[in-house]
Amino acid sequence: MLRYLATAADRHNVTVQIVPADNPCTDGLMSSFVIGELLDAPTTVSVESAGKGEVSAEHELVSLIWGRYDRLRAEAYRPGESLDMIKEAAEQWTAKT
């Protein structure tokens, strides 16, 4: 999986960033989300949780998710640093197995 992430991160249209787990911006973030944008449609979010998933174009939810996304990106390591960390972890994992 780590090598796959590293390969994906080398693509020009993919950005992979690591957010430190102990960062306060991850407090309370117990679900995953996807933000979808198309030229001819409203921005839509998909929010997944253990109980259910929700897809919505409702402005309030979209704004909430964009805010969380912006905060995560602001606190994440830069893409180059993240890629180096992923490659180092992959090498360490391979050396131990």
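The following refers to the structure shown.

Some words on the layout of surface pockets
Over the atoms rolls a probe the size of a water molecule, and its path tells where empty space is left.
Phase 1 of the analysis: Put simply, the largest pocket is a space of about 240 Å³.
Phase 2 of the analysis: As for the largest pocket, its lining consists of Thr 15, Val 16, Gln 17, Val 19, Tyr 69, Leu 72, Arg 73 and Ala 76.
Phase 3 of the analysis: Looking at the lining of the largest pocket residue by residue, the classes come out as five nonpolar, two polar and one charged.

Here we look at the pairing of strand β3 (residues 53–56)
Phase 1 of the analysis: Examined bridge by bridge, strand β2 (residues 41–48) and β3 share four bridges and lie antiparallel to one another. Residue pairing for β3: Glu 48 is matched across the bridge by Gly 53.
Phase 2 of the analysis: What sits between the antiparallel neighbours β2 and β3 is a turn of four residues.

Here's the deal with the environment of Ser 56
Phase 1 of the analysis: On the secondary structure map, Ser 56 appears in strand β3.
Phase 2 of the analysis: The exposure class assigned to Ser 56 is buried, which follows from its relative accessible area of 10%.
Phase 3 of the analysis: Between the C-alpha atoms of Ser 56 and Asp 22, which are 34 residues apart in sequence, the distance is 30 Å.
Phase 4 of the analysis: Beyond its immediate stretch of four places on either side in the chain, Ser 56 contacts Thr 43, Thr 44, Val 45, Leu 61 and Val 62.
Phase 5 of the analysis: Looking at Ser 56, its side chain comes within polar contact range of the main-chain nitrogen of Glu 58, at 2.9 Å.

Examining the sheet that holds β3
Phase 1 of the analysis: Pairing is antiparallel in the open sheet, where three strands are placed in the order β1-β2-β3. The outermost strands of the open sheet, each flanked by one partner alone, are β1 (32–38) and β3. Averaged over all neighbouring strand pairs, the angle between strand axes comes to 10 degrees, with direction disregarded.
Phase 2 of the analysis: Sitting on the sheet, helix α2 (residues 59–75) touches β1, β2 and β3, and the angle it makes with β1 is about 110 degrees.

Points about the pairing of β2
Phase 1 of the analysis: Bridging between β1 and β2 involves six bridges; their strand directions are antiparallel. Of the residues in β2, the one forming a bridge with Ile 35 is Val 45.
Phase 2 of the analysis: Hairpin geometry of β1 and β2 is characterised by an intervening segment of two residues between the two adjacent antiparallel strands.

Criteria and thresholds
- Residues numbered from 1 in each chain as written.
- Predicted model: local features only at pLDDT ≥ 70, side-chain atom pairs only at ≥ 80, totals over all residues.
- Heavy atoms only, no water.
- 1 Å grid on protein atoms, 1.4 Å probe; cavity = no way out; pocket = protein on both sides within 12 Å on 5 of 7 lines; lining within 4 Å.
- Points joined across faces, edges and corners; volume = space filled by probe spheres on them.
- Nonpolar A, V, L, I, M, F, W, Y, C, P; charged D, E, K, R; others polar.
- Pairing = 2+ DSSP bridges.
- Helix = DSSP H or I, 4+ residues; strand = E, 2+ residues; numbered from the N terminus.
- Buried < 20%, exposed > 50% of the residue type's maximum accessible area, 1.4 Å probe, protein only.
- Contact = heavy atoms within 4.5 Å.
- Polar contact = N/O pair within 3.5 Å; in protein donor to acceptor, adjacent residues only side chain to side chain.
- Axes fitted to C-alpha atoms, helices over the stretch in contact; angles between N-to-C directions.

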